[in-house]
Amino acid sequence: MSRAFNFSAGPAAVPDAVLREAQAELLEWHGERASVMELSHRGAAFEAMAAESEQDLRDLLAIPDNYRVLFLQGGATQHFAQIPMNLAAQDQTADYIVTGAWGQKAVAEAAPYVRVHTAASSEAGGFRSIPPRTQWQLTDGAAYVHYTPNETIHGVEFFEIPDVGDAPLVADVSSMFLSRPLDVSRFGLLYGGAQKNVGASGLVIVIVRDDLLARQPRPMAKILNYRAHAEQHSLLNTPPTFAWYLAGRVFKWLKAQGGLAAIEEINRQKAALLYSAIDSSGGFYSNPVQRDCRSRMNVPFTLHDSSLDAPFLAESSAAGLLALKGHKMVGGMRASLYNAMPLDGVRALVAFMHDFARRHG
Ligand SMILES: *Cc1c(COP(=O)(O)O)cnc(C)c1O
């Protein structure tokens, strides 16, 4: 077996223990004499799994009772559009805080459904920092305020939940979900794709406060309507059953790790190790992000000489370190350190980087 340390930004690594468990029960799940992916989503076994996975997620995040948890499809990208459709009338204003490429995409997809106001953006500085809260130009009576707690491409992360007054705060948590505890009660709606930190692609988790489901600002097909999905416990149509099952296994795995405070501590150590290797490389490697908002999940870095990029990628892959190529928007490298990446994987990466710099410096 040659399973390597996988630094992919997404779809990303899944914990070995979860994959082994899924493998062991792939043909016959739960005494059903069939695979979980072959069973009706209307059957008792699947419904019990669905309810248990929701409860495990509620336990992990301490989700208050006045929030619904939805297991949906479409990727975070579809929800860039579905959020304004569900939360705002056409002539209302929604504020967006843009700290990277995903926030920009959220703005573009929302624009047909709401008046989008970019209340703050760090684009002029190349998305290397978070605009100070005092400079945000929030709209009185905004339908909601949207931000991206972790920008997966630019590697910029908020470590505090911003105070935006009375407007519901909406967050695209795709690439930081379950990497640390989060006070759900501060949000109106949280959403994220599963393929970064929760398992397989095809599943989006939406956590939404009850009062927002009452808004119903426009007529729309049920399949787009969050309230309709909530009423049907996310079984309005066939959900991505296997991805949902896998997410449930990941929740159990997180609980076994000691929950989100425990995983946060490991994530902190992993990020500290890698940033310290970059910062102490004498300029061989560099990361452009302001220190107080450097992402713990996605670490972009460049080599001082871009002609070394190709050998870096070839040699790292040969050394069992996968998917380090950076996003084309920022170039260079990117190491994604989601929950499934063990500390040993980061130690191996740092040792490789040190050795590579020594040989090519
Ligand atoms: C990956 C990602 C997305 C896009 O997810 P899709 O499933 O491809 O739609 C959106 N936002 C953030 C922050 C992401 O990391």
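Computed from a predicted model, the values in this text were never measured in an experiment. (Residues numbered from 1 in each chain as written. Predicted model: local features only at pLDDT ≥ 70, side-chain atom pairs only at ≥ 80, totals over all residues. Heavy atoms only, no water.)

**Observations regarding the UniProt feature "modified residue: N6-(pyridoxal phosphate)lysine" (unreviewed entry) in the chain**
- The positions that UniProt labels "modified residue: N6-(pyridoxal phosphate)lysine" (unreviewed entry) are, in the present scheme, K196.
- Within the secondary structure, K196 is located in the loop between strand 9 (189–193) and strand 10 (204–209).
- For K196, a relative accessible area of 11% corresponds to the buried category.
- Residues within four places of K196 in sequence aside, it is in contact with A9, G10, A12, S174, S175 and Y338. (UniProt positions renumbered as here; feature names shortened; annotations may be inferred. Helix = DSSP H or I, 4+ residues; strand = E, 2+ residues; numbered from the N terminus. Buried < 20%, exposed > 50% of the residue type's maximum accessible area, 1.4 Å probe, protein only. Contact = heavy atoms within 4.5 Å.)

**Quick notes on the sheet that holds strand 4 (residues 115–121)**
- Across the sheet, which stays open at both edges, the seven strands sit in the order 2-10-9-8-5-3-4 with mixed pairing between neighbours. Strands at the two margins of the open sheet, each flanked by one partner only, are strand 2 (67–72) and strand 4. Across the sheet, the axes of successive neighbouring strands diverge by a mean angle of 20 degrees, strand direction being ignored.
- As defined by bridge partners, strand 3 (residues 93–98) adjoins strand 5 (residues 145–147) across two bridges and the pair is classed as parallel. Looking across to strand 5, one finds that Y96 is bridged to H146.
- The strands that helix 2 (residues 44–61) touches are strand 2 and strand 10; relative to strand 2, the one it contacts most, it runs at about 125 degrees. (Pairing = 2+ DSSP bridges. Axes fitted to C-alpha atoms, helices over the stretch in contact; angles between N-to-C directions.)

**Observations concerning the UniProt feature "domain: Aminotransferase class V" (unreviewed entry) in the chain**
- Cross-referencing UniProt, the feature "domain: Aminotransferase class V" (unreviewed entry) maps to residues 5–349 in the present numbering.
- Here residues 5–349 is 33% helix and 17% strand, with 9 Å between the C-alpha atoms at its ends.

**Comments concerning the environment of I263**
- Here I263 lies in helix 8 (residues 260–279).
- Residue class for I263 comes out buried when judged on its relative accessible area of 2%.
- A sequence separation of 244 residues divides I263 from L19, and the C-alpha atoms of the two residues are 19 Å apart.
- Residues in contact with I263, not counting those within four places in the same chain, are L178, S179, W253, L254, Q257 and N339.

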